[in-house]
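Per-entry structural report
The lines below spell out each chain.
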Amino acid sequence: MVAGMFWLRRGQMQPGDLTMNELGLSRRRMLTGAGGVLIGQMIGESSVAGFEWQPTSLREAGFSNDLDARLDKAIADKRVWNLHSVIVVRNGRLVFERYFEGEDTARGSRPIGVVSFKPDSLHDLRSASKSVVGLLYGIALAAGKVPAPEDQLLPSFPEYADLAADPVRSRWTLHHVLSMTMGTEWNEAMPYTNPANSETAMDMAPDRYRYILDRPMIMEPGKRWV
């Protein structure tokens, strides 16, 4: 989660803001659009912001035609359980898309019961977001739109010059953020109802970015993943 926050920056939606459904946006459009804009900057196309995956058949994509039946059997045999959705994209084409009913929790591990998932169902992605951010960063890096992984982090946050004056924090690189090896204290090993939980405290902080960047240093940057 920490890695994802640095590239959202100011102006991101906060709890209580309009949801994507209220804005009339599809999450698939948002994700493909975000990647499409960056790719478009690389290839010089401006129309990709509205990109939608075009469908293709299982056979054309190189998959067995009985994929649907095999998935249903895996669920019936309880080799797969509490499956929310399966989407397969190959070579830029939508190959397979299924949604299911399953138990879900809201952010903060609050059970919300059985949900009938749909393409635009809001979902607590949690750490999956870090992989998406890493992929988007790689695309942006190839397009020359972002600093390199070995570049220092805090020059991207000039408003926190006081933190940059710390000799240890000043050694932070983007790689430390993307690999979650900043060396700062972070503890979610307690209920999210506890204000001492780092994520809960971050949510309550008047400035989430300062909260993260100002966490106590407990080890050298790059030494261990947390």
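Residues numbered from 1 in each chain as written. Predicted model: local features only at pLDDT ≥ 70, side-chain atom pairs only at ≥ 80, totals over all residues. Heavy atoms only, no water.

Comments concerning the pairing of strand S3 (residues 93–99)
- Bridge count between strand S1 (residues 54–55) and S3: 2 bridges; the pairing is parallel. In the sheet register, proline 55 faces S3, and the bridge partner there is leucine 94.
- For strand S2 (residues 85–90) and S3, the ladder comprises 6 bridges, and the chain directions are antiparallel. Residue arginine 90 lies in a different strand from S3, and its bridge partner there is arginine 93. (Pairing = 2+ DSSP bridges. Helix = DSSP H or I, 4+ residues; strand = E, 2+ residues; numbered from the N terminus.)

Here's the deal with helix H4 (residues 128–142)
- Compared with an ideal rise of 1.5 Å per residue, which puts 15 residues at 21 Å, H4 spans 22 Å between its outermost C-alpha atoms and is within 8% of the ideal.
- Listing the buried residues of H4 in full gives Lys130, Val133, Tyr137 and Ala140. In an axial view of H4, the angular spread of the buried residues amounts to 85°, which keeps them on one side of the axis. Opposite the packed face of H4, turned more than 90 degrees from it, sit the exposed residues Ser131, Leu135 and Ala142. (Expected span 1.5 Å × (residues − 1). Buried < 20%, exposed > 50% of the residue type's maximum accessible area, 1.4 Å probe, protein only. Arc of directions from axis to C-beta.)

Brief notes about the packing of aromatic side chains
- The tally for this structure, following the rule as stated, stands at 3 aromatic pairs.
- Here phenylalanine 157 and tyrosine 160 contribute two aromatic rings whose centre-to-centre distance is 6.2 Å and whose plane-to-plane angle is 20°, an arrangement assigned as stacked. Pair check on accessibility: phenylalanine 157 and tyrosine 160 agree, each one buried.
- Taken together, a centroid distance of 6.1 Å and an interplanar angle of 70° make the contact between tryptophan 186 and tyrosine 211 edge-to-face. Note that tryptophan 186 is positioned in the loop between helix H6 (174–178) and helix H7 (198–204) and tyrosine 211 in helix H8 (residues 208–213), a separation of 25 residues in sequence. (Phe/Tyr/Trp six-rings, centres within 6.5 Å; stacked < 30°, edge-to-face > 60°.)

Description of the sheet that holds S3
- The strand order across the open sheet formed by 3 strands is S1-S3-S2, and the pairing between neighbours is mixed. A strand with exactly one partner marks an edge of an open sheet, and here the two such strands are S1 and S2.
- Helix H3 (residues 67–76) rests against S2 and S3 of the sheet, and its axis sits at about 30° to S3. (Contact = heavy atoms within 4.5 Å. Axes fitted to C-alpha atoms, helices over the stretch in contact; angles between N-to-C directions.)

Overview of the environment of tryptophan 225
- When you line up the elements, tryptophan 225 lands in the segment after H8.
- With residues up to four places along the chain from it excluded, the contact list for tryptophan 225 reads Ser179, Met180 and Thr181.

Some details on the pattern of salt bridges
- With the rule as written, the count across this model stands at 10 salt bridges.
- Across the pair aspartate 162 and arginine 210 runs a salt bridge whose closest N-O atoms are separated by 3.1 Å. Residue aspartate 162 is found in helix H5 (residues 161–164), and its partner arginine 210 is found in helix H8; the two are separated by 48 residues along the sequence.
- The class for aspartate 162 is partly exposed, based on a relative accessible area of 46%. (Salt bridge = Lys/Arg side-chain N within 4 Å of Asp/Glu carboxyl O.)

Quick look at the environment of asparagine 91
- Structurally, asparagine 91 can be placed in the loop between S2 and S3.
- The class for asparagine 91 is exposed, based on a relative accessible area of 76%.
- Each C-alpha atom, one on asparagine 91 and one on tryptophan 53, is 9.9 Å from the other, the two residues being 38 residues apart in sequence.

A closer look at the confidence of the model for the chain
- Model confidence for the chain is summarised by a mean pLDDT of 81, while 77% of its residues fall at 70 or above.
- Ranking the helices and strands of the chain by mean pLDDT puts H8 first, with 97, and helix H1 (residues 2–5) last, with 37.
- Note that residues 1–49 has pLDDT below 50 and, in this model, 90 contacts with residues that lie over four places away or in other chains. (pLDDT = per-residue confidence, 0-100.)

Remarks on the nonpolar core
- Residues Leu153, Phe157, Tyr160, Trp172, Met182 and Leu213 are the most contacted members of the largest nonpolar core, which totals 14 residues.
- Mapped onto this core, the elements with two or more residues apiece are H4, H6 and H8.
- Leu58, Leu71, Val88 and Phe100 belong to the second largest nonpolar core, which has 7 residues in total. (Core = buried A, V, L, I, M, F, W, Y, C linked by side-chain atoms within 4.5 Å.)

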